[in-house]
Amino acid sequence: LRSAGAVGLEMLKLSDSACEHSDIGAAAIAPACAALRTLHFHSGGGFLTPASLSSIFDVARPSLLQAVLHGSGVTDDTLQKLSMGCAQLRALWLSCAPVSGHAITNLACRATNLRDMRLEGLALTWDEVAEASTAQPLECLLISQSLFFGANSMRSIDINKWTSLERLGLDHRASRTEPMVPLSGSTAIALGTLPRLRALALANLCVGDHLAGALSGADSSPRQDSTLRALSLEGDHGISGAALSSLARACGAKVGGHLEELH
């Protein structure tokens, strides 16, 4: 296929588990990736190493729009390689990879068109997540892990910078010792007052009535117009039935803020 003057593949999926792809195969296909727009790279079976990803990035990074990267073959060095010319990158999904917050932030700072970031199962602190997620005006952010969530780690001052977010998902990976994590009132209010939020999904995070009040405009800093369309709450969220009822009525009645889905 031809894309922006380049000829070659526009989508590529590599996996060393389901398909048993290898470094040899990745090196063979790399020359055909000058027009690549979407890359799915799933490593962990031992056959796809960082060398595979680097060989693809050497050719594909100028045209790449979406990078879905998973496993041990994704490292700080491969993210550095991608950052050396990724002006068109709009979506970065990282999961279960041995990468640092510094490497993610460095890439995000250089990917000036980045609008969609998803971080799952990474060993990051909240400070690292906050820095990476505010490098560009993201429209979609999904964070799923078990290390950084907590009443004292997630800060409203960081969340208030997510002014462009339309879709947000925060998933605390529950365990027997920590089935859910409570968030402070100020943090919950900050989540509920994001100005462009259309979809919010929270799992195993206790936000209490503070979130419902902020979304419905009942808190001390009420929203003038609710943009919320979908709300998903999983686990012990701590919101009372009365607060949920008030939220549904308030968001459904406001112009431009009709709540269509509540899970």
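Residues numbered from 1 in each chain as written. Predicted model: local features only at pLDDT ≥ 70, side-chain atom pairs only at ≥ 80, totals over all residues. Heavy atoms only, no water.

Help me understand the overall build of the protein in this model?
Looking only at helices and strands, the protein features 9 helices and 14 strands. Scored against the burial criterion, the 263 residues of the protein give a buried share of 48%. Put simply, of all contacts in the protein between residues at least 6 apart along the chain, 73% involve residues at least 24 apart. Approximately 11,500 Å² of the protein is accessible, and the part contributed by carbon and sulfur atoms is 54%. (Helix = DSSP H or I, 4+ residues; strand = E, 2+ residues; numbered from the N terminus. Buried < 20%, exposed > 50% of the residue type's maximum accessible area, 1.4 Å probe, protein only. Contact = heavy atoms within 4.5 Å. Areas by Shrake-Rupley, 256 points an atom, 1.4 Å probe, with all protein chains shown as cover.)

It is not clear to me how unusual backbone geometry should be interpreted in this structure. Could you clarify?
Excluding glycine, a negative phi dihedral is what most residues carry, and trans is how most peptide bonds are arranged. Located in the positive-phi region is C96, a residue other than glycine, with phi close to 50 degrees. Along the chain, C96 falls in the loop between strand 6 (91–95) and helix 4 (101–110). Here C96 falls in the partly exposed class, since its relative accessible area comes to 38%.

Before we go on, may I ask you to explain the nonpolar core in this structure?
Here is a general trend for soluble globular proteins: nonpolar side chains tend to be buried in one another's company. Among the nonpolar cores identified, the biggest contains 70 residues, and L39, L69, I104, L168 and L211 are the most heavily contacted of them. Among residues more than four places away in sequence, those in contact with L211 are A188, L191, G192, L200, L202, L233 and I239. (Core = buried A, V, L, I, M, F, W, Y, C linked by side-chain atoms within 4.5 Å.)

Looking at this model, I keep getting lost on the packing of aromatic side chains. Mind explaining?
When we look at a pair of aromatic rings, we describe it by the centre distance and by the angle of the planes. This structure, assessed with the given rule, holds 1 aromatic pair. Residues W126 and W162 carry aromatic rings whose centres are separated by 6.0 Å and whose planes lie at 65 degrees to one another, so their mutual orientation is edge-to-face. Of this pair, W126 sits in helix 5 (residues 126–133) while W162 sits in the loop between helix 6 (156–159) and strand 9 (167–172), placing them 36 residues apart in sequence. Judged on exposure class, the residue W126 and its partner W162 are both buried. (Phe/Tyr/Trp six-rings, centres within 6.5 Å; stacked < 30°, edge-to-face > 60°.)

Can you help me understand the sheet that holds strand 9 in this one?
Here we have 10 strands laid out as an open sheet, ordered 3-4-5-6-7-8-9-11-13-14, and parallel in their pairing. Only two strands of the sheet have a single partner each, and these edge strands are strand 3 (11–15) and strand 14 (261–262). Judged from the 5 bridges that link them, strand 7 (residues 116–120) and strand 8 (residues 140–145) form a sheet pairing that is parallel. Across the sheet, the residue bridging to L119 is I143, located in strand 8. (Pairing = 2+ DSSP bridges.)

What is the right way to read helix 4 from this model?
Owing to its 3.6 residues per turn, the α-helix brings residues three or four apart onto one side. Buried within helix 4 are the following residues: G101, A103, I104, T105, L107 and A108. Packing partners of the buried residues in helix 4 comprise helix 3 (76–83), strand 6, strand 7 and helix 5.

Any chance you could explain the side chain of S95 here in plain terms?
On the secondary structure map, S95 appears in strand 6. Using a relative accessible area of 14% as the deciding quantity, one classes S95 as buried. Within the local environment of S95, its side chain forms a polar contact with the side chain of H70, the two groups lying 2.7 Å apart. Each residue touching S95, except ones within four places of it in the same chain, is listed here: L69, H70, G71, E120 and L122. (Polar contact = N/O pair within 3.5 Å; in protein donor to acceptor, adjacent residues only side chain to side chain.)

Before we go on, may I ask you to explain the layout of surface pockets in this structure?
Regions of empty space are outlined by a rolling probe, equal in size to a water molecule, passed over the atoms. By volume, the largest pocket is sized at about 180 Å³. In terms of lining, the largest pocket is formed by C140, L141, L142, S144, R167, L168, G169, L170, D171, A199, L200 and A201. Broken down by secondary-structure element, the contributors of at least two residues to the lining of the largest pocket are strand 8, strand 9 and strand 11 (199–203). When residues of the lining of the largest pocket are assigned to their parent elements, the largest contribution, 5 residues, is made by strand 9. Class assignment of the residues belonging to the lining of the largest pocket gives a composition of 8 nonpolar, 2 polar and 2 charged. (1 Å grid on protein atoms, 1.4 Å probe; cavity = no way out; pocket = protein on both sides within 12 Å on 5 of 7 lines; lining within 4 Å. Points joined across faces, edges and corners; volume = space filled by probe spheres on them. Nonpolar A, V, L, I, M, F, W, Y, C, P; charged D, E, K, R; others polar.)

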